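# Residue-level structural notes
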Amino acid sequence: MDLKILSLATDKTTDKLQEFLQTLKTDDLTELLQSQAVKGRAVGAFLRAIFKGSPCSEEDGALRRSKVYSCCMQLIESGELQQEVASEIIGLLMLEVHHLPGPLLVELASEFVGAVREDRLVNGKSLELLPVILTALATKKEVLTCGKGDLNGEEYKRQLIDSLCSARWAQRYVIQLTSMFKDVHLTTEEMDLVVAKVLAMFPKLNLQEVPPLVYQLLVLSSKGSRRRVLHGIIAFFSELDKQHSKEQSGDELSELVAAPADELYHVEGTIILHIVFAIKLDCELGRELLKHVKAGQQGDSSKSLCPFSIALLLSLTRMQRFEEQVFDLLKTSVVKSFKDLQLLQGSKFLQTLVPQRSCVSSMILEVVKNSVHSWDHVTQGLIELGFILMDSYGPKKTLDGKAVETGSSLSKMTNQHACKLGANILLETFKIHEMIRQEILEQVLNRVVTRTSSPINHFLDLLSDIVKYAPLILQSCSKVTETFDCLSFLPLQTVQGLLKAVQPLLKVSMSVRDSLILVLRKAMFASQLDARKSAVAGFLLLLKNFKVLGSLSSSQCSQSIGVTQVQVDVHSRYNAVANETFCLEIIDSLRRCLGQQADVRLLLYEGFYDVLRRNSQLASSIMQTLFSQLKLFYEPEPDLLPPLKLGACVLTQGSQIILQEPLDHLLSCVHHCLAWYKSRVIPLQQGDEGDEGEEEEGLCHELDDMLESITVRMIKSELEDFELDKSADFSQSTSVGIKNHICACLIMGVCEVLIEYNFSISNFSKSKFEEILSLFMCYKKFSDILNEKAGKGKTKMTSRTNGSLLSMKFVSDLLTALFRDSIQSHEESLSVLRSSNEFMHYAVNVALQKVQQLIRRGHVSGPDGQNPDRIFQNLCDITRVLLWRYTSIPTSVEESGRKEKGKSISLLCLEGLQKTFSAVQQFYQPRIQQFLRALDVTGTEEEGEEAGVTVTQRATFQIRQFQRSLLNLLSSEEEDFNSKEALLLMAILSTLSRLLEPSSAQFMQMLSWTSKICKEYSLEDASFCKSLLLVLSQAEKVLEEVDWLIAQIKGSVNQETLSAEVTPEAASSQAVPSSPLMEKAIIMQLGTLVTFFHELVQTALPSGSCVDTLLKDLSKIYSTLTAFVKYCLQVCQSSRGIPNTVEKLVKLSGSHLTPLCYSFISYVQNKRNNNPKCTEKEKAAAGTIMAKVLRETKPIPNLVFAIEQYEKFLIHLSKKSKVNLMQHMKLSTSRDFKIKGNILDMVLREDSEDESEEGSAPAHTEQNREPAKKKRKICLS
C-alpha cells in the first residue's frame, strides 16, 4: 500500500493519488505512516506523497492533513523515532504549515496549548512546529470563529499566547517553550506576557536549569522588554543572595548551606557570562542595564544594587564602550551610599524615620568574597574599581608633609570612607586571588614611587596590610627590591612610610634586607641631601624594629608604639643575637652622619629617643654617641662663659653662613634619652652587678653634671659673653647678621631644653624654680632682641622653624603646676614661677603653639609627638587647665589692673580652648565623649552616672559656661567690649554646637539663644556679627537633613512608578503609600527653621559676609520648600490629597518669612545706596569698590528667584489640590517699577538748570560734568 502511494505520487497528475487516498480509512493511513516512521523507510517521501494527494482546497484533503499532523506530533513526542527521522518529519510539516487553512491552524495550535496545559508532552520536540503555526496563523486575515467570538488570525494568535502563558508549564519544558517564542513575531504586550511567565518560572526550577533558561530569555529579549528581563534576573538572584545570607547567619544551618552556596555562586558566574555575551551582541541591552541601575539611584541606592548586579556591572567593564560609564556609576553609588549612611548615623531625627539600610560597600566586599568561585571576569573590574576609588577620593593636598582634606566635614568623611573601601577591595582581592597579586603589588608600588607631589599615605597603608598578610609570599617579588633603588629620589615622608610598610618582609627575607641596606649605605654618601636624610631615616627605622635580646618589652616602655609602626617580635636567641650585631653595625654607620649637614643630624637626634625606647639594649651605644657629640661643643672649664661653643655650630662656606650643628636639638635628645634611661633602665639594673652597668651609670652621672654645669653657667652669662647684644647686627642681608641670628636661636632653644630638664629633676625645689626663671629671663632677652630687630627691619626675620623645643607632656605638667597645683608643700616653690606673669604668659603661648602644630601637621615635635594616645591625653590635660583658668579669672577682671601690652593670659587661654576643641573634633572624633568627660573639673560623677550622660548633654554643659561668659561680655559697657574675646567665644560655641544632636531640645535651645542675642543686643562689630552667624551652619545641617529626606520620599515614589512600569503585577501587590510620618517630620522641621529665620531676618546686620551668609541660607530654605512642594505635586493625585499641615506651613512661610525677606532685601540695597559720598582718594578705587558691591549683592537675585520658584510651584499645587494656597502669599511691591513724584520733579528741575547753564559753560566744564542721563538713572533707582 505504501509502495502504491509512492508510485502514484510520481505521476504528473494527482487525481489517481487523491482517489486512492480517499479510499483509505484515516486509521489505516495513520498506522501506515506510523509503521513507515518507526522503520525509518523513506518517511519523508511518504509524507510528501500524502500531502500531494491531500490538497487544502478540498475538505477531505484538509481533514486528512489535520490527522497526519496530529499523528506526526504524537510520533515525535513518543520518542520511538530516530532523531534524523523526527527532524525530517518536523521539517516537512513546517514547509506545509503555510498551506493549511485558518481553522485547521487554530485547531493545531489549540492542540499544542492543550498538550502544554495537560502536561501531555513527552520530550517537547514537537514544540518546534508551534512557532511556524502561530506565524502562519497571524497572516490569516479572514475571520475565524472561536468560542469567544469572531477573531482574525492576529487576534487569535494573541489569545493563544495568552492561554499558553496562563497555563501551568511543566518544569522540564520551560526552556523549550522559551526557546520556541524566539521564532514567533511578538507584539509588545505579547512580549511582556511571555517574559512575565518565564520570570515567574525561575523559582520553580532547579538552580542548574536557570542558566540555559536565562540564555534563551536573553535571546528572546532582542525582540523587546530588555529592561524587564534584566530587572527580573537581577531581582531573582538578589532575593536568592538574601535568603542565603539569612540561612548562613543561623549557626545550626551553617553546614547545610555550605554546598548550595558554591552551586549558587557558580550559577551566578555563568549567568553573568551569558548576559555579558548577550550585551556584546546587543548593545541596547547594556544601555538598558545602566538605565535600570541609574533609575534606582533616585531613592535608596541599595535597593537597585545587590552583589549580583554589582558583579554584572564589573564584568561589563571589560567592554570598552561601557567601561567609563560603569565605573562612574559605581563611584556615584558608593559616594551616595556613604553620604546617606553618614547622615543617618549623625542624626537621630533621621534614624527614627528611615529604616536601617545596607551599604553598597558591604555589597562590593561581598562580590570580592564571592569572586573566589571562578569569577575571573569580575576580578579585573574589582582591581580597577579599587584603584579608581583610592585615586579619586584619597587626600589631595599636602601641608608640611601631612595630607590635608578640603571641603565640608561630610564630604571629607565620605571621601575617606570611599578611599578606605578601595583599599579593602584591593586587599581582600589580593588575599583571595593568587594570580593577580603581582599586578596589585606592582600598581601600588608604582603609585608610591611616581606620585611624589601628592599624598600617598593611603597607598602606603595598603602596602603595609599586604605585606603583613603575605610576607613569605612577597620575599621572592623583585618589584620590592626594584623600588628600593628609587629610595634616593623619593621624599623623606614617602621613604619612612615605605620602609615601615615592608618591615615584616625584611624579617623573613635576608636577601630583601641586604638589598635595602646596600641601597641605604649608598644613599648615605650620595650628593643629594634628601638621599642622605632618607638613609638616616631608613637606618633609624631598622633600629626601632629589630629588637635586641634583653630589651624592654612594649609594656615596660613609657609609651605604646604608634599604630603606623610595625613591630616584628623575634623570640629565638639566635635572631636576637644576630639583631644586636646588625644594630650595632647600623649605629656605627649612623655615627658618620654626625659629621654631615644639620638636617641630617637633626633627623638623627629626633630618632634616637624612639630607638632607645624600643631597643633599650642599645642604650650604652646611643648614650655614648650622644655624650661624645656633646663634648665637642661643651666647655669643660667650670668658670668659662658661655658653657657652649656656639661658634663651632655655625659654618662659613664662602659667602654663605649655615647651621652646622643643631645644638639645641642635640641637648634635647640628651635630656629625653637620659630621663627615660634613668626612669626605665636603671631601676631594673639595681640588683645587677657588673662593669657594664657601672659604666652606664657613670655615663649618666657625667651627663647630669654637664647639664647642671651648663645650667649654672648659662644663668651667669650675659649678652656680651655670647658676643651678642642689642647693638649687634641681626639682619638677614649680611653674613654677620645671619650668624648672630642663628646663634640667638640656638641659645633660646638651649634655654628651653634646660628649663624642661631642671623642672624634671626639681622635685618642686625652690632653688631649681629660681634657676628655671633665670633661664627664662635669658631666653626672653634674646627673644626680645630678635622681635625688636624684626620690627625695625623691612622684612620680618624668620622665627625658629621647629617652634618650641618643650615637649607637650612638659607643657601639660607645667600648666597644671602653675594654675591647678594647690598642694601646700609646693606653694612656696611655685610662687617663684607664678610671680612672673611673663613666664605664665610664655607657658600658655607654647601650649597654643603645640596645639596649632597638631592641627597643621597632624603631630607635634618632641618625644611622644607621633603617639595619638599620648597627644590625646595631653590635650585633655591642657584643655582642662585652660578651661579652669579662663572660668576662674575672667578676662575683664584680669585686664582691669593690667599694664602690659598684648593679650592677657585669660584671652590666651580662651584662644587655646578654641584650638583644642577644633583639634579634638578634627583628629579624635570617636573619643569626643572621653574628652568631654575629662573636662569635668570637679570629678564628682560616679562611674554609673558617666555611662548615662550623652555627648549632647556634656557639650550643653560646656556651651552654657561660654554662653554666660558671652552674655557678661555683651552686657558690659561699650568701651569695655572685647571684640577678640567675643569672636573666640562664638567660635567655641559654633564648634561645640556641632556636637549637639540636631533633633534634640538642646539644639533648639541653642538656636533660640542665638536668635535672642540677635534681637536683644545692638551689635556694631562686624567680625562678631559674622561669628554669631556661624550658628547658621547648624541650621544648614538641619536643612541638609530635610533635603535628603525629601529626596528619599520623592525617590521612593519614582521607584514605585518605575517598578509599576516594569513589573505591574508585583508593584500592585507591594505598593506602599508614602509615609505620613516622614511628611509630618519634614513639615515640623521646616516650620522650626522658618521661625528661626523669621527672627534672624529682622536683624540689622552690617554689610559684608554676614548679609551674604544669611541671603544664601534664605535661598536654601526656599529651595527646600520648593522641593517639598514638588513632592506634594507628585503625590497629590492620590485620593488623600495634601495634608492640612502643608497648608499651615505655606501660611507660616507666607506671613512670617517672605514679606520680611523682601524688607531685608530693601534694607540691604538702601544701606548700600545711602553710603556717604566717596572722597577723591576713594574714587580712585571705584573699580574695586564696584566689584565688592556686585559680589555682596549677588545672592539677592538668587534669593528672589528662589522665592518666585516657590510661589510658582505653589500655584501649580493649588490647581491640582483644589486648595487656594496662594491666599497666604502676598506679592511684594518692593521690586516693582514705580514713579516717585517728588524725585521726578527734582530731576526735571536739575535738567532745566543744566540746559540753561549749557551755553555759558566752558568747553572743559562740559567735558568734566557728568551726563544728565546718568544722574537720572541714579535718582530713579
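Residues numbered from 1 in each chain as written. Predicted model: local features only at pLDDT ≥ 70, side-chain atom pairs only at ≥ 80, totals over all residues. Heavy atoms only, no water.

## Thoughts on the overall build of the protein chain
Each helix and strand in the protein chain was counted, giving 61 helices and six strands. A buried classification covers 52% of the 1277 residues belonging to the protein chain. Of the contacts made within the protein chain by residues no fewer than 6 positions apart, 75% connect residues no fewer than 24 positions apart. A total accessible area of about 59800 Å² is found for the protein chain, and carbon and sulfur atoms account for 51% of it. (Helix = DSSP H or I, 4+ residues; strand = E, 2+ residues; numbered from the N terminus. Buried < 20%, exposed > 50% of the residue type's maximum accessible area, 1.4 Å probe, protein only. Contact = heavy atoms within 4.5 Å. Areas by Shrake-Rupley, 256 points an atom, 1.4 Å probe, with all protein chains shown as cover.)

## Description of the packing of aromatic side chains
Across all of its chains, the model carries 23 aromatic pairs by this definition. Ring geometry for Phe 764 versus Phe 769: centroids 5.8 Å apart, planes at 65°, classification edge-to-face. With a relative accessible area of 24%, Phe 764 lands in the partly exposed category. A relative accessible area of 0% means that Phe 769 is categorised as buried. Among the aromatic residues, ring-to-ring pairing joins Phe 202, Phe 236, Phe 237 and Phe 308 into one connected group. Over the ring of Phe 430 we find Arg 437, and its NZ or CZ is 5.3 Å from the ring centre. Above the face of the Phe 872 ring, Arg 927 is positioned so that its terminal group lies 4.1 Å from the ring centre. (Phe/Tyr/Trp six-rings, centres within 6.5 Å; stacked < 30°, edge-to-face > 60°. Lys NZ or Arg CZ within 6 Å of the ring centre and 35° of its normal.)

## Some details on the environment of Ile 432
Note on placement: Ile 432 falls in helix 22 (residues 409-432). Here the alpha-carbon distance between Ile 432 and Asn 370, two residues 62 residues apart in the chain, equals 9.7 Å. For Ile 432, the contacting residues outside a window of four places in its chain are Val 368, Lys 369 and Val 372.

## Regarding the pairing of strand 6 (residues 656-659)
In this structure, strand 5 (residues 650-653) lies alongside strand 6, joined through four bridges in antiparallel fashion. Its bridge partner being in strand 6, Val 650 is matched across the sheet by Leu 659. The hairpin turn running from strand 5 into strand 6, its antiparallel successor, is two residues long, and Gly 654 in that turn takes a positive phi close to 65°. (Pairing = 2+ DSSP bridges.)

## Brief notes about helix 47 (residues 979-993)
Because an α-helix packs 3.6 residues into every turn, residues spaced three or four apart end up facing the same way. The end-to-end C-alpha distance of helix 47 is 21 Å, a good match for the 21 Å that 15 residues give at a rise of 1.5 Å each. Burial analysis of helix 47 places twelve of its 15 residues in the buried class, which makes it a mostly covered element. Listed as buried for helix 47 are Glu 981, Ala 982, Leu 984, Leu 985, Met 986, Ala 987, Ile 988, Leu 989, Ser 990, Thr 991, Leu 992 and Ser 993. (Expected span 1.5 Å × (residues − 1).)

## Focus on the confidence of the model for the protein chain
Overall, the prediction assigns the protein chain a mean pLDDT of 77, with 75% of residues at 70 or greater. Confidence drops under pLDDT 50 across residues 794-802; counting only partners more than four residues distant or on other chains, this segment forms 21 contacts. For the stretch residues 939-944, pLDDT sits under 50, and the model shows four contacts to residues farther than four places along the chain or on other chains. (pLDDT = per-residue confidence, 0-100.)

## Some thoughts on helix 33 (residues 619-631)
Along its 13 residues, helix 33 runs 18 Å from first to last C-alpha, staying within 8% of the 18 Å computed at 1.5 Å per residue. Of all the residues in helix 33, the buried ones are Ala 619, Ser 621, Ile 622, Met 623, Thr 625, Leu 626, Phe 627, Gln 629 and Leu 630.

## A short note on the pattern of salt bridges
Evaluation of the coordinates by the stated rule reveals 27 salt bridges. Notably, a salt bridge pairs Lys 336 with Asp 340, separated by 3.3 Å at the nearest N-O pair. With Lys 336 and Asp 340 both in helix 18 (residues 320-345) and four residues apart, this pair spans about one turn of that helix. Side by side, Lys 336 and Asp 340 carry an identical accessibility label, which is buried. Linking Lys 678 and Asp 704 is a salt bridge whose minimum nitrogen-to-oxygen distance equals 3.2 Å. With Lys 678 in helix 34 (residues 663-681) and Asp 704 in helix 35 (residues 691-716), this residue pair connects regions lying 26 residues apart in the sequence. Classification of Asp 704 by relative accessible area gives buried; the value is 16%. The network of salt bridges with common partners includes Arg 158, Asp 162 and Glu 189. (Salt bridge = Lys/Arg side-chain N within 4 Å of Asp/Glu carboxyl O.)

## So, a nonpolar patch on the surface
A cluster of nonpolar side chains, namely Tyr 215, Phe 277 and Leu 281, defines an oily patch on the protein surface of about 330 Å² accessible area. Among the structural elements, Leu 281 can be located in helix 14 (residues 258-281). (Patch = residues over 30% accessible without salt bridge, like charges linked within 9 Å, V, L, I, M, F, W, Y side chains within 5 Å.)

## Things to note about the packing of helix 38 (residues 808-819) against helix 40 (residues 837-857)
Here helix 38 crosses helix 40 at 140°, and the two axes come no closer than 10 Å. One finds that helix 38 runs oblique with respect to helix 40. The interaxial crossing formed by helix 38 with helix 40 has left-handed handedness. Touching Met 808, Val 811, Leu 814, Leu 815, Leu 818 and Phe 819 of helix 38 are Phe 839, Met 840, Ala 843, Val 844, Val 846, Ala 847 and Lys 850, all from helix 40. For the contact of helix 38 with helix 40, the residue count by class is twelve nonpolar, no polar and one charged. (Axes fitted to C-alpha atoms, helices over the stretch in contact; angles between N-to-C directions. Parallel < 35°, antiparallel > 145°, perpendicular 65-115°, else oblique. Left-handed = near helix turned anticlockwise from the far one by under 90°. Nonpolar A, V, L, I, M, F, W, Y, C, P; charged D, E, K, R; others polar.)

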